[in-house]
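So the chains spell out like this:
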Amino acid sequence: GATADPGTDTHFPAGFLWGAATSAYQIEGAAREDGRTPSIWDTFSHTPGRTAAGDTGDVACDHYHRYRDDVALMSELGLGAYRFSVSWPRVQPTGRGPAVQRGLDFYRALVDELLAAGITPVLTLYHWDLPQELEDAGGWPVRRTAERFADYAGIVAEALGDRVPLWTTLNEPWCSAFLGYGSGVHAPGRTDPVAALRAAHHLNLAHGLATQALRAALPSHARVTVGLNPAVVRARSETPADLDAARRIDALATRVFTGPMLHGAYPEDLFTDTAALTDWSFVHDGDTALAHQRLDGLCLNYYTPTVVSAAPEGTATERHDGHGASPHSPWPGADHVSFHQPPGERTEMGWSIDPEGLTELLLRFHGEAPGLPLYITENGAACPDVPDAAGRFHDPQRIAYVRRHVAAVHRALAAGADVRGYFLWSLLDNFEWAYGYAKRFGMVHVDFATQARTPKASARWYARLARSGRLPRE
Ligand code: PNW
């Protein structure tokens, strides 16, 4: 049935994509090989104090050299789809000009391996690894970066357009703009609220320009999408002040992107909320129309909801928004909003577990963008893996988390949302950004000393789901 009862069979539609997701910097390693230059994440992770234990992606999962084995593993697990990202500085080391053939060859070989295994490749052009040279020229706060991104998108589309059916321009531009330039917990580590808003705008523009470049180069059957992490915002109470705090955070987390991308305009309340910071004169005539390109799908990443209340000016001190420790807020102009840890179970990230939020998220976009296919391109949990004497890894919390969230996707389907796929974050334990290797999201355990891969209990569980298209009873 359609309800949450895990005892009843929960079937998914034929053709529903069951996959796993990764990103280039988090798994590839080979940071200095075959002409690749540093991205902002190489620079950031090599700066003392920026990542836990000083961890970097220099080697990561060494996927650049082990991609064949990794695809074989996906095949063993019965995955129908694999979401990965292309490293911009591997393909275009300076962020402009001609492509490096060896960089493109790697992705072509990866895609061919996937296709040979019957696994649908889902390609993301940008998962946060801006070529450092482009950051040195101003990064996302400058307009030129959006134009460079469109050139890069065209290059990748020319090279792989004949074999990749599903394309995503940006992954989570919120993180790029507001964690990268606002709170500074992500690369490039800048802490300037106006730079963050400028970055958000140029990411919207980059998405629009890149979508045009993709359409020009891709065969007509290829689908173009964007990947967002809209906040599921809950006001702590129904008082007007708390509801207003929720409205502000929804504008800064979600509508700042979905306004231009889905509706062709910024929401007016975003301008008024941030008027003390900027007049938004970096938005040129026609920009939001450019950001508003026809899409073939919307990719949504969901982990946890965001609970807010209003705080008197200057009293909102420690944030519990799950976005890392920084004295600088990732929420420009929202200093009087408090973030709360809801009671109840949390993952090792400290993120509360709330599957209903995923149903809500899907139904929101089902309503807001009728007919647009939806994909859950990330969902998963960092949790303990307990090894047994036989060397198996037991991760019952991950199984429970995924089971409950997959059931939540099913409820959205039953309510009419056109959900086309679910991608578990992540295939492998990997470089978890500012947390380094300390947080493990993989359904496959990676021993970073030996690079040995060992599927955890969750991988065997997920394989049954992927093969059968129904939620296992246990
Ligand atoms: C997403 N936050 O990152 C990314 O797309 C993945 O690369 C990442 O590994 C995964 O989620 C797990 O964290 C996020 O602070 C990182 O809100 C940070 C936040 C959100 C998403």
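In this numbering scheme, every chain counts its residues from 1 along its sequence in written order. Predicted model: local features are reported for residues with pLDDT of at least 70 only, side-chain atom pairs are reported and counted for 80 or more only, and whole-chain, interface and lining totals are derived from all residues. To get the side-chain values, take all heavy atoms of the structure and skip hydrogens and water.

- The name that an unreviewed UniProt entry assigns to the protein is Beta-glucosidase, with the source organism given as Streptomyces cacaoi.
- UniProt positions are given in the numbering used here, feature names are shortened, and annotations may be inferred rather than shown by experiment. Quoted verbatim from the Catalytic activity (unreviewed entry) heading of the UniProt record, the comment on the protein is "Hydrolysis of terminal, non-reducing beta-D-glucosyl residues with release of beta-D-glucose."
- Its UniProt record gives the protein the following Sequence similarities (unreviewed entry) comment, quoted word for word: "Belongs to the glycosyl hydrolase 1 family."

1. Notes on the site of the ligand
At step 1: The immediate surroundings of the ligand are formed by 17 residues, with Gln 26, His 127, His 323, Glu 378 and Glu 432 found nearest.
At step 2: In protein, a polar contact means a hydrogen-donor-capable atom and an acceptor-capable atom, both N or O and within 3.5 Å, with residues adjacent in sequence counting only if both atoms are side-chain atoms; elsewhere, any N or O pair within 3.5 Å suffices. Taking Glu 172, its side chain carries an N or O atom lying 3.5 Å from an oxygen atom of the ligand.
At step 3: In this structure, Trp 425 approaches the ligand through a side-chain N or O atom, which is 3.1 Å from an oxygen atom.
At step 4: Alone, the ligand offers 450 Å² of accessible surface; in the complex the protein occludes 95% of this.
At step 5: The residue classification treats Ala, Val, Leu, Ile, Met, Phe, Trp, Tyr, Cys and Pro as nonpolar and Asp, Glu, Lys and Arg as charged. All others, Gly included, are polar. A class-by-class count of the residues in the shell around the ligand yields 8 nonpolar, 6 polar and 3 charged. For each residue, the test is whether any non-hydrogen atom lies within 4 Å of the molecule or strand; if one does, the residue is near. Every accessible area reported is derived by Shrake-Rupley at a probe size of 1.4 Å, with residue values counting cover from the shown protein chains alone.

2. A closer look at helix H13 (residues 355-368)
For an α-helix, 3.6 residues make a turn, and residues three or four places apart therefore share a direction.
At step 1: The terminal C-alpha atoms of H13 lie 20 Å apart, and with 14 residues this matches the ideal 20 Å at 1.5 Å per residue to within 8%.
At step 2: For H13, the complete set of buried residues consists of Pro 355, Gly 357, Leu 358, Thr 359, Leu 361, Leu 362 and Phe 365.
At step 3: Here a residue-residue contact requires only that any non-hydrogen atoms of the pair lie within 4.5 Å. A helix here means a DSSP run of H or I that spans at least four residues, while a strand means a run of E at least two residues long, and both kinds are numbered starting from the N terminus. Structurally, H13 contributes buried residues whose contacts are with strand E6 (233-235), helix H10 (240-263), strand E7 (297-301), strand E10 (374-378), helix H14 (396-414) and strand E13 (419-425). Helix span is expected to be 1.5 Å times the residue number reduced by one. Only protein chains enter the accessibility calculation, which uses a 1.4 Å probe; a residue is then buried when its area is under 20% of its type maximum, exposed when over 50%, and partly exposed in between.

3. A closer look at the pattern of salt bridges
At step 1: Salt bridge criterion: a side-chain nitrogen from Lys or Arg within 4 Å of a carboxyl oxygen from Asp or Glu. Taken as a whole and judged by the stated rule, the model has 33 salt bridges.
At step 2: The closest approach of N and O atoms between Asp 354 and Arg 234, which form a salt bridge, is 2.3 Å. Residue Asp 354 is found in the loop between strand E9 (337-340) and H13, and its partner Arg 234 is found in strand E6; the two are separated by 120 residues along the sequence.
At step 3: Residue Arg 247 pairs with Asp 244 through a salt bridge whose shortest N-O separation is 2.8 Å. Of this pair, Arg 247 and Asp 244 both sit in helix H10, 3 residues apart, which is roughly one turn of the helix.
At step 4: One network of salt bridges, with partners in common, ties together Asp 244, Arg 247, Arg 248, Asp 250, Arg 255, Asp 269, Asp 273, Arg 364 and Glu 368.

4. Thoughts on the UniProt feature "binding site: substrate" (unreviewed entry) in the protein
At step 1: UniProt records the feature "binding site: substrate" (unreviewed entry) for Gln 26, His 127, Asn 171, Tyr 303, Trp 425, Glu 432 and Trp 433 in the present numbering.
At step 2: The residue His 127 is located in the loop between strand E3 (120-126) and helix H6 (132-136) in this model.
At step 3: His 127 gets classed as buried once you look at its relative accessible area, which sits at 2%.
At step 4: Not counting residues within four places of it along the chain, the set of residues in contact with His 127 comprises Ser 23, Gln 26, Arg 83, Ser 85, Asn 171, Glu 378, Trp 425 and Trp 433.
At step 5: A distance of 2.6 Å separates polar atoms of two side chains, one belonging to Tyr 303 and the other to Glu 378.

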